[in-house]
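Each chain is listed here by its residues.
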Amino acid sequence: MQARALARPGLLTLGVSLVTAATLGVVVYLASTSLPFMAASPTTDPVFGELNQCLLEAVPGPRVGFAVSSDGARAVAYGGAGLALCARDAAVDAGTRASPRRFDVPGVTGAAFDFDDNLWVSTERERKGDPQLWRLGGARPERVGDFAPIALAGHARGVVALDATGRLVSLSPTGAALGAANLPSAPNLGAQLAVNADGSLVAVVAGTGLFVFRAGDLSAVLAEGPCEVEFLWWLPDPTRAVVACGPKASWALELQVGSTQRETAPAKDRIQAALVPRLGRYVQPCEHLPCSAPAP
């Protein structure tokens, strides 16, 4: 899926492409921009700099993705050199130096933290190439099942996984199924999976439609196309979101999920980013590591 920054007509826009691996684990390639806001150097980022210094040492490259915990105190990066987790023992602004933990998990394709800091990853099968789902935390990775996720998102009760057929599964930290749902059709490879600020709702942007489910049992909350939806940002209010509308992300809507309230969002430049729920900040990729982003 091609993803763009919203811009007023006539202005140059930020050209990016998006591969969504998790709510807080997107991989965005910055191409070019004339916008005043630029991603900081990973190690000097005011929020994630300490974590990035640790991740750069643990996974020097090539990296293909990352994930950030719901409070912003932990992050993982993964790529050809494997997967590593870096964590701070104190609050984000305390400047505590992060320390790395490496996992022997080859072929990682996606990662996400749930709200209890359990780390979930998808990997390619060694022979068939289809992803598998794992939970990391103990001495050894624990395989949860043969579900083949193309996207992961951690929530307040566990993780939501989306596969290439459009099937959604919600799992508890023990691997027990909490709920399941199906999209009307198979998503394209750029489907976006995003969890709101309190971990109670999960949104799926697939094609041009918007689908919202309760994260636990995956009961439906919303299924519509309020516009030609291209991207979604959850806001700190758990019931509110902004969606980029096509063609070419030329305008945006702010909506209240669970109601019919819709209004055109103010025209402004918007960078594709994910809300770090309990931190209340937004994250975008820089050099396949987490960097701060402006609110939408």
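Please refer to the structure placed before this passage.
Residues numbered from 1 in each chain as written. Predicted model: local features only at pLDDT ≥ 70, side-chain atom pairs only at ≥ 80, totals over all residues. Heavy atoms only, no water.

Draft legend 1. Focus on unusual backbone geometry. Each neighbour pair has its own omega, and for Gly 61 with Pro 62 the value is -5°, a cis peptide bond. Residue Pro 247 is reached from Gly 246 by a cis peptide bond, and omega for that bond is 10°. Position of Pro 247 relative to the elements: it lies in the loop between strand S21 (240–245) and strand S22 (251–256). For Asp 117, which is not a glycine, the phi torsion comes out positive at approximately 70°. Secondary-structure assignment places Asp 117 in the loop between strand S8 (108–113) and strand S9 (119–124). Phi is positive for Lys 248, which is not a glycine, with a value near 55°. (Helix = DSSP H or I, 4+ residues; strand = E, 2+ residues; numbered from the N terminus.)

Draft legend 2. Structural view of the sheet that holds strand S14 (residues 167–171). On the basis of which strands lie adjacent, the open sheet formed by four strands has the order S12-S13-S14-S15 and antiparallel pairing. Strands with a single pairing partner mark the edges of an open sheet, and in this sheet they are strand S12 (149–155) and strand S15 (177–182). In this sheet, neighbouring strand axes are inclined to one another by 15° on average, regardless of whether the strands run parallel or antiparallel. Where S12 and strand S13 (residues 158–163) come together, six bridges link them in antiparallel fashion. Each residue of the ladder has a partner; that of Ala 151, found in S13, is Leu 162. (Pairing = 2+ DSSP bridges. Axes fitted to C-alpha atoms, helices over the stretch in contact; angles between N-to-C directions.)

Draft legend 3. Fine view of the nonpolar core. Grouped together as the largest cluster of nonpolar side chains are 30 residues, with contacts concentrated most on Leu 210, Val 212, Leu 232, Trp 234 and Val 243. Contributions of two or more residues to this core are made by strand S17 (201–206), strand S18 (209–214), strand S20 (229–234), S21 and S22. (Core = buried A, V, L, I, M, F, W, Y, C linked by side-chain atoms within 4.5 Å. Buried < 20%, exposed > 50% of the residue type's maximum accessible area, 1.4 Å probe, protein only.)

Draft legend 4. Quick peek at the packing of aromatic side chains. With the rule as written, the count across this model stands at one aromatic pair. Plain terms: the ring middles of Phe 231 and Trp 233 are 4.9 Å apart, the flat faces sit at 65° to each other, and that makes the pair edge-to-face. (Phe/Tyr/Trp six-rings, centres within 6.5 Å; stacked < 30°, edge-to-face > 60°.)

Draft legend 5. Expanded view of the pattern of salt bridges. Inspection of every chain in the model, using the stated rule, returns four salt bridges. Where Arg 240 meets Glu 254, a salt bridge forms, and the shortest distance between an N and an O atom there is 3.0 Å. With a gap of 14 residues between them, Arg 240 in strand S21 and Glu 254 in strand S22 connect regions that are remote in the sequence. For the pair formed by Arg 240 and Glu 254, the shared burial category is buried. (Salt bridge = Lys/Arg side-chain N within 4 Å of Asp/Glu carboxyl O.)

Draft legend 6. The sheet that holds S20, seen in detail. Taken in spatial order, the four strands of this open sheet run S20-S21-S22-S23, and their pairing is antiparallel. On the outer flanks of this sheet lie S20 and strand S23 (262–264), each paired with one strand and no other. Adjacent strand axes in the sheet meet at a mean angle of 25°, parallel and antiparallel pairs treated alike. Sheet analysis places S21 next to S22, joined by six bridges and oriented antiparallel. Bridge pairing in S22 places Cys 245 opposite Trp 251.

Draft legend 7. Spotlight on the side chain of Ser 69. Mapped onto the secondary structure, Ser 69 falls in the loop between strand S4 (63–68) and strand S5 (74–79). The exposure class assigned to Ser 69 is buried, which follows from its relative accessible area of 0%. A distance of 3.3 Å separates a polar side-chain atom of Ser 69 from the backbone nitrogen of Ala 73. (Polar contact = N/O pair within 3.5 Å; in protein donor to acceptor, adjacent residues only side chain to side chain.)

Draft legend 8. Structural view of the pairing of S18. Most of S18 is tucked away, with five of its six residues classed as buried. The loop that links S17 with its antiparallel partner S18 comprises two residues; one of these, Gly 207, has a positive phi angle of about 65°. Strand direction decides the pairing type here: S18 and strand S19 (residues 220–224), joined by four bridges, are antiparallel. Bridge pairing in S19 links Phe 211 to Ala 223. What sits between the antiparallel neighbours S18 and S19 is a turn of five residues, in which Leu 218 has the positive phi angle 60°.

Draft legend 9. Examining helix H1 (residues 49–58) more closely. Gly 49, Leu 51, Asn 52, Cys 54, Leu 55 and Ala 58 are the residues of H1 that are buried. Packed against the buried residues of H1 are S5, strand S6 (82–87), strand S7 (99–103) and strand S26 (289–293). (Contact = heavy atoms within 4.5 Å.)

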